[in-house]
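In case you want the letters, here they are:
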Amino acid sequence: MVLLPTWMILAIPLLSFIINGLFVRRFSGHLAAKIGTIAIGFNFLFSLALAYYFFQSGELSTLEWHTEWLRFQSNLIIHIGVMIDPLSAMMLVVVNTISFFVHIYSLGYMHDDEGVGRFFSYLSLFTFSMLGLVVAPNLFQMYVFWELVGVSSFLLIGFYYTKPSAVSAAKKAFIVTRFADLGFLIGILLLGYLGLSVNQGQISSVYSPLDFLFLNNPDVGLQLASSGLLTTGLLLIFIGAAGKSALFPLHIWLPDAMEGPTPVSALIHAATMVVAGVYLVARLFPLFNLAPVALEVVSWVGLFTSLFAAVIACTQDDIKRVLAFSTLSQIGYMIFALGVASDLYPLGYTASLFHLFTHAFFKALLFLGAGSIIHAVHTNDVWQMGGLKKYMPITHITFLVAVLSISGIFPFSGFFSKDEILTAALESGHMTHYLVGLFVALLTSFYMGRIYFLTFWGQSRSHENASHHPHESTWVMTLPLVLLAILALSSGWLPFANYLWFAHKHDHHSLNMTVAFSGTLAAIIGLSSAWFLYSKNNFSKVQKIQTGMGQAYQIIKAKFYFDELYLFVTHKIVFNKIAGPIAWFDKKVVDGGVDLTGEMSQTFGQKLTLIQTGQVQNYIIWFIVGFITVLTLYYNTVL
Amino acid sequence: MNSHLLEWLIMSLFIFCVGIYGLLTRKSGVGLLISLELMINAGALNFISIHRFLYPAQVDAQVFVLFVIAIAAAEVLLALALFMLLIKKQQPVDITQLNHLKH
Amino acid sequence: MGILSLIVFIPFLTAIFILFAKSPKTIKSIALAGTGLHLLASFVLTYLFFNSPQNINPDPTGLSLQFVEKWDWFSSFGVSYFLGVDGISLAMILLTSVIIFTGVLASWNVENRSKEFFALLLLLVTGVFGVFVSFDLFLFFIFYEVAVLPMYLLIGIWGTGPKEYSAMKLTLMLMLGSAFLMVAFLGLFHLSGLNTFDMTKLAQVNFDLQTQRWIFPTLFVGFGILGALYPFHTWSPDGHASAPTAVSMLHAGVLMKLGGYGALRIAVYLLPEGAKEWALFFMALTTINILYGSLGAIKQKDLKYFTAYSSVSHCGMVLFGVATLNFIGFKGAVLQMVSHGLMTGLFFSLIGMVYGRTHTRIINEMGGLAKVMPWLATSFYIAGFASLGLPSLSGFVAESQIFMGGFMGNPWHDLTWMRVLTVLSTMSIVVTAVYVLRGLAQVFMGPITNLHFNELTDASLTEKVTTALLIASLFFVGLYPKFFVDMIEPAINPIINRLNM
């Protein structure tokens, strides 16, 4: 399509992973870092060119490249391939851009770490996996790369592998998402089966039952819907999406995932991997549209997650944890936006993806900024920060841009995307969603303002040596911040609806003033309350509120004890009540049965040897008795 | 003599049973041998009387019984030889003690 | 003398050569040369298999065997020396050659009576190869016994822990399986009325339903005992734990596959009606296998028991695939045999390497080893990921086929039941992830728990070759499944056609 074959966009990060991972990092970690960055830089430019040419061509979708990979039976063959359509083109740009900026940033952030070569190889692996997921032409390939993304995430969260908390967090992330992937797998099995039983028409001769071009075809969709099992299949797939996107109640792994290095959090847990669930639902949206029950579930789960996470975010003290919950909340927005959309009111579809786009930039910016801060003050705790605007101007300004963007203040990008979501909720008649979404916007600006003011304003509460002032990070780290800030400012103005739409192209009409006004009002209330409580040095009002809320505050701060619940269920119930008894049962009862047969034969044998008395006369008696018996039998039977 | 076959058979059976009784209850090895002899002779007697009943003119059975007596004597000789060895070890020939074939 | 006889007897000849050798070094070199030569021979066989004129059987229910060698042996009993190979057998031959080669490498440190050890190992493998290419039931049984009996000595003499007990239990239970097989084979022989043990001829016979109803479960259970069918699997944990490294590799990697192979090749193929009667029952039993094995693995404290329970679970999947009576399921079963064989070979060889350094197999006594043994840690994690079915490794390819097959159902059994059992089996992907990650994290991650561990070395050259070869194979099957799928599919067609008759 462009000068190079499209599959190169996958091949480059893969090669980078193999070359760096197996060879280069043994000699020089820094060389590996540079190779990785250049590779992704190339990918970044390539993705921009690809997107440009694609949208220029006006095509709906193209299957660029594919080859047979795994054959189940003659009418169910899985291909590996690359499909470019508006959705994947956009995701390619997002993933490559964020990945590139994170690579540049990490050149500075991870410079002194002895595992830097390993880090960059894992980053390449992740980029490869995520890209493969995004360009997948069929559900099965998506699952394959879904799992690979999970492994990359596992490796990166557990990067500091000598730290028990990091190891635990990596395990938890993998297991929770695996649990969700179980639902995904069963959904795939079900959809594959349903797809096979669809009337073999013109379509199915070309495509395999799991191809998106097949599943999203309107005729096929109607036939699938009539089977009565479509909703079940979609809900199962949604479980998979919920795991990767950390929706309630599978959200527990994301806050712990902050154990990974901050660039990882920026790349994976803010901008790319966690939106894979949104991407999945969007990909299958034509089918979801035919299953309104599934869409309802999607919208409520998304809405609840966004509220739940926003409430918790207000109480957390670790800057990365606040950002993690913020991500959960924003993803909740994206999910419920999809949930409120339909072919009658398709705005939610565009709004969700638009928010995905803008959120990637400002959330990555927030995380990288947080990394810059943590790098400078050597702590994650906001209560040990303060007054940093004096020492870290670039970080400060860019962070502020991101805060304003996420709060939804005009003219930053978040304003446009968040308002579009709220508009979609309002116009499609989902009043509750609109009101709750508005409240969450308020909370968002509140907690973001809280950490902003606590970090940058007021006096330094650092426990470090008073003469040891924090200083601004190197240009390698601040350059991506600046670039992302520019994007956070400008990306809102993109006429997104011209590129990504469902059912019919939504005229980019003027803003819904009700929504704009109420949204901005909510943001201002949130930010000003935060300013009021946190920008000074006196926190007595905060203390009063905390004690006033009493027990409720403690519960919220403890994230509603879901982590404890998870541990309880896994350790006490699964391990001790199920796995333990099974292991015991196997050893004592089943194996005991085997040992019992052994013992029985031994005992029987021993008892039998008592006949061997060694007494000749006993033997003679047996002899005589036997002889008489034989004779009697002989006389009775033969004669 | 023909019509009295039954009496002979009963007598040989009686001797045989005495022999079995002795075989089963004697503690002494020599006692066992005596009982065995009784059983062998009862069998021989049985053999001759029936043969005489069936074929009064022939002497096959009597010749056979001579062989039997010879073999019985040889066997007793062997047994007594073993008993002599045991007595040399100052063990009384008590067969209840000879239980080395026990497990 | 055809290529197949060569394949079967090269290990045997190597064993003979070893008996004449004197120094341990010569012994090991001969063993390595022999198994290396064998590996090459299997590659040559594969090449010839794909490139020589295909011997296609016109009868769609008949096997299409290549490189057939058939001579009468005891003609009055209908026994012949009948060797042949088709896709399924070829896949198993490749698996076994790789495992024995790496097994010999992994046993490089055996010093005590190494002559007898390697000789017995190679004798065992002769039996295995013989089983995979025999198409006469009597010959099959002979090779089967040759494969099973040396285990007693190998575990009882060179094992660790309660080795005599484990060896005894393993051998007696497997003998029980053989007893069932013998009864079934004789039953087939007599009831066919053909006075032959020739499998291809027996396959033409339609045994009456009553006969099939009792012979099929006898066969399936007989093979199942070797294939770790629940509840006859308990010889496996103790057996594997007490066995020396190469023996565990061979046993879990190859021998247990004899069970799955026999179940598919003989039980289902010769007795399709019996299979239809009993398959759902066995599917339920193997579902228990899958879940029970993986749940049981969570609580194990010893690395080898941990792997053994994992094998119970994965070998359960093989039999599950066979019980689906479905083209995709059968394919998955054979793929899983290959995949699990490689994976478990890797696992046990790694455990041997770690144990050789830390002198403990208790998981809780180890910790933070990744710092000192990165190669071994990475290999262990790759094996672990293969075990939990990560795409790009072989486990995923096999498991997805098995689950899809179970889900698709078959025309003779209730679809809902099959789906329920399949869904229950899929839950194992989560449980496996749990125990694999927990176990490996405890051993390799975190800070180093025992200061002595700081002195430990990473993999040596032979160990690197062993692990690299196995890992490469796992990736090969996982990334390019077409190779094995193309090999296996034509061989499965006769079995499916017979079922459909």
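Residues numbered from 1 in each chain as written. Chains lettered and ligands numbered in written order. Predicted model: local features only at pLDDT ≥ 70, side-chain atom pairs only at ≥ 80, totals over all residues. Heavy atoms only, no water.

Section: the environment of Gly406(C)
Residue and element names in this part refer to chain C.
Part 1 of the reasoning: With respect to the secondary-structure elements, Gly-406 resides in helix H16 (residues 394-408).
Part 2 of the reasoning: It is 39 Å that separates the C-alpha atoms of Gly-406 and Gly-2, two residues lying 404 residues apart in sequence.
Part 3 of the reasoning: Contacts of Gly-406, omitting those with residues within four sequence positions, involve Met-283, Thr-324, Met-418 and Thr-422. (Helix = DSSP H or I, 4+ residues; strand = E, 2+ residues; numbered from the N terminus. Contact = heavy atoms within 4.5 Å.)

Side note on empty space enclosed by the protein
Part 1 of the reasoning: Summed over all chains, the structure comprises 5 cavities of 30 Å³ or more.
Part 2 of the reasoning: Considering only enclosed or pocket space, the largest cavity measures out at about 60 Å³ in volume.
Part 3 of the reasoning: Mapped by element, the contributors of at least two residues to the lining of the largest cavity are helix H6 (164-197) of chain A together with H16 of chain C.
Part 4 of the reasoning: No other element matches H16(C), which puts 4 residues into the lining of the largest cavity.
Part 5 of the reasoning: Residue composition of the lining of the largest cavity, grouped by class: 6 nonpolar, 2 polar and 2 charged. (1 Å grid on protein atoms, 1.4 Å probe; cavity = no way out; pocket = protein on both sides within 12 Å on 5 of 7 lines; lining within 4 Å. Points joined across faces, edges and corners; volume = space filled by probe spheres on them. Nonpolar A, V, L, I, M, F, W, Y, C, P; charged D, E, K, R; others polar.)

Considerations on the arrangement of the chains
Part 1 of the reasoning: Inter-chain contacts occur across 2 pairs of chains; the most extensive set of contacts lies between chains A and C.
Part 2 of the reasoning: Spatially, chain B and chain C are disjoint, and the shortest separation between their C-alpha atoms is 23 Å.

A word on the nonpolar core
Part 1 of the reasoning: Core analysis: the biggest nonpolar cluster contains 423 residues, and Leu139(A), Leu219(C) and Phe444(C) have the highest contact counts within it.
Part 2 of the reasoning: Among the elements that line this core, the one with the most residues is helix H17 (residues 347-377) of chain A, at 20 residues.
Part 3 of the reasoning: What Phe444(C) contacts, discounting residues up to four positions off in sequence, is Val354(C), Gly368(C), Leu369(C), Ala370(C), Leu376(C), Ala377(C), Phe380(C) and Tyr381(C). (Core = buried A, V, L, I, M, F, W, Y, C linked by side-chain atoms within 4.5 Å. Buried < 20%, exposed > 50% of the residue type's maximum accessible area, 1.4 Å probe, protein only.)

As for the pattern of salt bridges
All names here are of chain A.
Part 1 of the reasoning: Under the definition given, this model contains 27 salt bridges over all chains.
Part 2 of the reasoning: Measuring nitrogen to oxygen at the nearest pair gives 2.7 Å for the salt bridge that ties Glu-147 to Arg-178. Here the residue Glu-147 occupies a position in helix H5 (residues 139-157), and Arg-178 occupies one in helix H6, the gap between them amounting to 31 residues.
Part 3 of the reasoning: Among the residues examined, Glu-147 registers a relative accessible area of 2% and is labelled buried.
Part 4 of the reasoning: For Lys-172, the salt bridge is made with Asp-256, and the minimal N-O distance between the two is 2.9 Å. Of this pair, Lys-172 sits in helix H6 while Asp-256 sits in helix H11 (residues 253-256); the two residues are 84 residues apart in sequence, bridging distant segments of the chain.
Part 5 of the reasoning: Under the relative-accessibility criterion, Lys-172 is labelled buried at 9%.
Part 6 of the reasoning: Residue class for Asp-256 comes out buried when judged on its relative accessible area of 16%. (Salt bridge = Lys/Arg side-chain N within 4 Å of Asp/Glu carboxyl O.)

Remarks on the interface of chain A and chain B
Reports often express the size of an interface as the amount of accessible area lost when the parts come together.
Part 1 of the reasoning: Contact residues are listed per partner, giving 11 residues for chain A and 13 residues for chain B.
Part 2 of the reasoning: Of the roughly 970 Å² buried between chain A and chain B, counting both surfaces, carbon and sulfur atoms make up 63%.
Part 3 of the reasoning: It is Gly614(A), Gln615(A) and Gln617(A) that lose the most area in chain A upon contact with chain B, and together they represent 44% of the buried surface on that side.
Part 4 of the reasoning: Run the count over chain A and chain B and you get 0 salt bridges.
Part 5 of the reasoning: Inspection of the region where chain A meets chain B yields 2 residue pairs in polar contact (both at pLDDT 80 or more).
Part 6 of the reasoning: Considering only residue class, the side of chain A that touches chain B consists of 5 nonpolar, 6 polar and no charged. (Buried area = accessible area lost by both parts, 1.4 Å probe. Polar contact = N/O pair within 3.5 Å; in protein donor to acceptor, adjacent residues only side chain to side chain.)

Some points on the interface of chain C and chain A
Part 1 of the reasoning: Counting from both sides, the interface comprises 57 residues of chain C and, opposite them, 46 residues of chain A.
Part 2 of the reasoning: Summed over both sides, the interface of chain C with chain A buries roughly 4800 Å², with 72% coming from carbon and sulfur.
Part 3 of the reasoning: At the surface where chain C touches chain A, the tally comes to 5 salt bridges.
Part 4 of the reasoning: The interface formed by chain C and chain A includes 18 residue pairs in polar contact (both at pLDDT 80 or more).
Part 5 of the reasoning: Among the elements that take part in the side of chain C that touches chain A, H16(C) stands out by supplying 8 residues, more than any other.
Part 6 of the reasoning: Looking at the side of chain C that touches chain A residue by residue, the classes come out as 36 nonpolar, 11 polar and 10 charged.

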